[in-house]
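Architecture and fold: a report
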Amino acid sequence: MIDRLALHNFKAFGDMSLPLGPLTLLTGLNSSGKSSVLQSIALLRQSHEAGELAVSQYLPEARRAGFHVGVANQGFLLNGELVGLGTGEDVLHEDFAEDEPRIGIGVDEGPYHYGWTVEYEAEQNLLPLLDVDLPLTSEGAAAPTGPEAVTPSFLTAPFQYLHADRISPAEFYPRDHHAVIGRGFLGVRGEHTVNFLRHHGEDPVPEGLLQHPRAASDLLRDQAAAWMGDLCPGVDIRADAIEGVDAVRLSYGFQGTLGPTRRRRPSHVGFGLTYVLPIVVACLTARPGSLVLLENPEAHLHPHGQTQMATLCAAAAAQGAQVIMETHSDHVINGVRLAVKQERLTPGQAVFHYFRGDGTGVEVVSPRIDADGMLDQWPEGFFDELENTLDQLIG
Ligand SMILES: Nc1ncnc2c1ncn2[C@@H]1O[C@H](COP(=O)(O)OP(=O)(O)O)[C@@H](O)[C@H]1O
Ligand SMILES: [Mg+2]
């Protein structure tokens, strides 16, 4: 699990060190840097997957050089499957302080600290790696104890990253065998979710909080339908191949008062159902060690549905995944508070950050939660809109 993320000269952040937990909520004004936090993690994954951060090969060199090496032909790959960040000029923090600016991302994972520093090149989309400092223990400079220390697990763990802009109701969805079978990846827009369900619908969801109490079975298909049923009662989902075409089809059925309805296409049911499906599947398939990055899981859901998404995300985190989400929803925040109060999540597992950006820098306030689900502070602007509006209404 990533315990702390440090950013240097990365987009809105000059220097930022952010503790992360099993369930981290990034909240705050629009354009305050929340997505950039997720992007920095995705950037490391993307660079690593492309072979541009092949960490393990540094070890012998790192040993010789006292864990601090320069590496040629490697670096941050700014544009790829997970994020498209443009060129160095887009990414470099505008108010950088050095003569020769560098961009750095550091990660603490358990006892180890890892860091990558790249050179700034305005026009490039592969920023060359200058320094790797790995793996030191965060207490000091003890030598790595085993292979697990060589590559941080967040670079290789099962991973999902769902952008705010996700699949909408469509006639068909892609059928990418490699994404779904080879990598178990839903796609940043959730575009592989339907095909994933087709292949993995019969996989069991492990016992515990992820299992919905009213699901017909422990199979992913039924579990997903049960969680979706909290958004729209009686719904069931089906994913079918379209013969002769490299595409798959999604359909919904409903348990009406007179029995099941005909199957319906996504465009004939509520937009929110299809929009949230990737979130539901990402959470239900998260396992201990998985890393799940979510932007606005609440989008297009009615208030109770938003609370249910918080419940589901909390369940994934309680069962050992790391979930980091950006949210604007009171109901998501309150759903997580309730999960803590009801002991489905410990207070230490839920981390809240409130970002305040003024266009030149970002300040982060981090309310702490207690066992009753109460937060120790409510900074101005942090989910106080309801109260402010009510004051005016009754004042
Ligand atoms: N290179 C940069 N230097 C400084 N600030 C930047 C840079 N790139 C983006 N930003 C700032 O980052 C903010 C956008 O961050 P983002 O993570 O998308 O916000 P959020 O997800 O909170 O809406 C904007 O305020 C933008 O001005
Ligand atoms: Mg954002």
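The residue count restarts for each chain, going from 1 along the sequence in the order it is written. Chain letters start at A and ligand numbers start at 1, both assigned in the order the entries are written. At least 70 in pLDDT is required for a residue's local features to be given in this predicted model, at least 80 for side-chain atom pairs to be given and counted, and no such filter applies to totals for whole chains, interfaces and linings, which use all residues. Processing note: side-chain calculations cover all non-hydrogen atoms of the structure and skip hydrogens and water entirely.

**A short note on the packing of helix H5 (residues 193-200) against helix H7 (residues 271-284)**
- Interaxial angle, 0 to 180 degrees, is taken between N-to-C directions of lines fitted to C-alpha atoms, where a helix line uses only the stretch in contact. To qualify as a helix, a DSSP run of H or I must reach at least 4 residues; to qualify as a strand, a run of E must reach at least 2; elements of each kind are numbered from the N terminus. Between H5 and H7, whose axes approach to 10 Å, the crossing angle comes to 45°. Taken together, the axes of H5 and H7 lie oblique to each other. Pair H5 / H7 crosses with left-handed handedness. Contacts between H5 and H7 involve Thr193, Phe196 and Leu197 from the former and Leu277, Pro278 and Val281 from the latter.
- For this classification, the nonpolar set comprises Ala, Val, Leu, Ile, Met, Phe, Trp, Tyr, Cys and Pro, the charged set comprises Asp, Glu, Lys and Arg, and every other residue, Gly included, is treated as polar. Here the residues of the contact of H5 with H7 sort into five nonpolar, one polar and no charged. Any angle from 65 to 115 degrees is called roughly perpendicular, while one under 35 is roughly parallel, one over 145 is roughly antiparallel, and all others are oblique. Should the near helix be turned counterclockwise from the far one by less than a right angle, the crossing is left-handed, whereas a clockwise turn marks it as right-handed. We call two residues in contact whenever any of their non-hydrogen atoms come within 4.5 Å of each other.

**A word on the packing of aromatic side chains**
- Any two of the Phe, Tyr and Trp rings considered here, Trp counted by its six-membered ring, make a pair once their centres fall within 6.5 Å; the pair's planes then place it as stacked at under 30 degrees, edge-to-face at over 60, or tilted in between. Counted by the stated rule, this structure contains eight aromatic pairs.
- A centroid spacing of 6.4 Å and a plane angle of 85° characterise the contact between tryptophan 116 and phenylalanine 154, whose relative ring orientation is edge-to-face. Of this pair, tryptophan 116 sits in strand S7 (residues 112-119) while phenylalanine 154 sits in the loop between strand S8 (126-137) and strand S9 (159-162); the two residues are 38 residues apart in sequence, bridging distant segments of the chain.
- Each residue gets one of three labels from its accessible area relative to the maximum for its type: buried under 20%, exposed over 50%, partly exposed in between, using a 1.4 Å probe on protein chains only. Classification of tryptophan 116 as buried rests on a relative accessible area of 1%.
- What makes phenylalanine 154 buried here is its relative accessible area of 4%.

**What about the coordination of the magnesium ion (ligand 2)?**
- For Na, K and Ca the donor cutoff is 3.2 Å, while for all other metals N, O and S atoms count as donors only within 2.8 Å; water does not appear among the atoms, so some sites may look incomplete. Distances from the magnesium ion (ligand 2) to its protein donors, Ser35 (OG) and Glu326 (OE), fall at 2.0 to 2.2 Å. Here the residue serine 35 occupies a position in helix H1 (residues 34-49), and glutamate 326 occupies one in strand S15 (residues 322-326), the gap between them amounting to 291 residues.
- Residue glutamate 326 is classed as buried on the basis of its relative accessible area of 6%.

**Here's the deal with the side chain of threonine 24**
- Inspection of the secondary structure assignment puts threonine 24 in strand S3 (residues 23-28).
- Under the rule applied, a polar contact is a pair of N or O atoms within 3.5 Å (in protein, one hydrogen donor and one hydrogen acceptor; residues adjacent in sequence only if both atoms are side-chain atoms). Separated by 2.8 Å, the side chain of threonine 24 and the backbone nitrogen of glycine 21 make a polar contact.
- Ignoring any residue separated from it by four or fewer positions in sequence, one finds threonine 24 in contact with Val323, Ile324, Met325, Val351 and His353.

**Overview of the domain arrangement of the chain**
- In this entry, domain limits derive from an automatic or database-based domain assignment. Domain annotation for the chain reports domain 1 (1-158 + 289-395) and domain 2 (164-285).
- Contact residues are listed per partner, giving 24 residues for domain 1 and 22 residues for domain 2.
- Of the roughly 2,000 Å² buried where domain 1 meets domain 2, counting both sides, 69% is carbon and sulfur surface.
- Note on terms: buried area is the combined drop in 1.4 Å-probe accessible area of two parts once they are placed together, counting the loss on both. It is His300, Leu312 and Gln319 in domain 1 that bury the most area against domain 2; as a group they hold 28% of the surface buried on that side.
- When a carboxyl oxygen of Asp or Glu is within 4 Å of a side-chain nitrogen of Lys or Arg, the pair counts as a salt bridge. Counting the contacts that link domain 1 with domain 2 gives two salt bridges.
- Ionic pairing is found between glutamate 81 and arginine 183, a salt bridge with its closest N-O pair at 2.7 Å.
- Between domain 1 and domain 2 we count eight residue pairs in polar contact (both at pLDDT 80 or more) in total.
- Secondary-structure elements contributing two or more residues to the side of domain 1 that touches domain 2 are strand S14 (291-295) and helix H8 (303-318).
- If you tally residues by element for the side of domain 1 that touches domain 2, the top one is H8, at ten residues.

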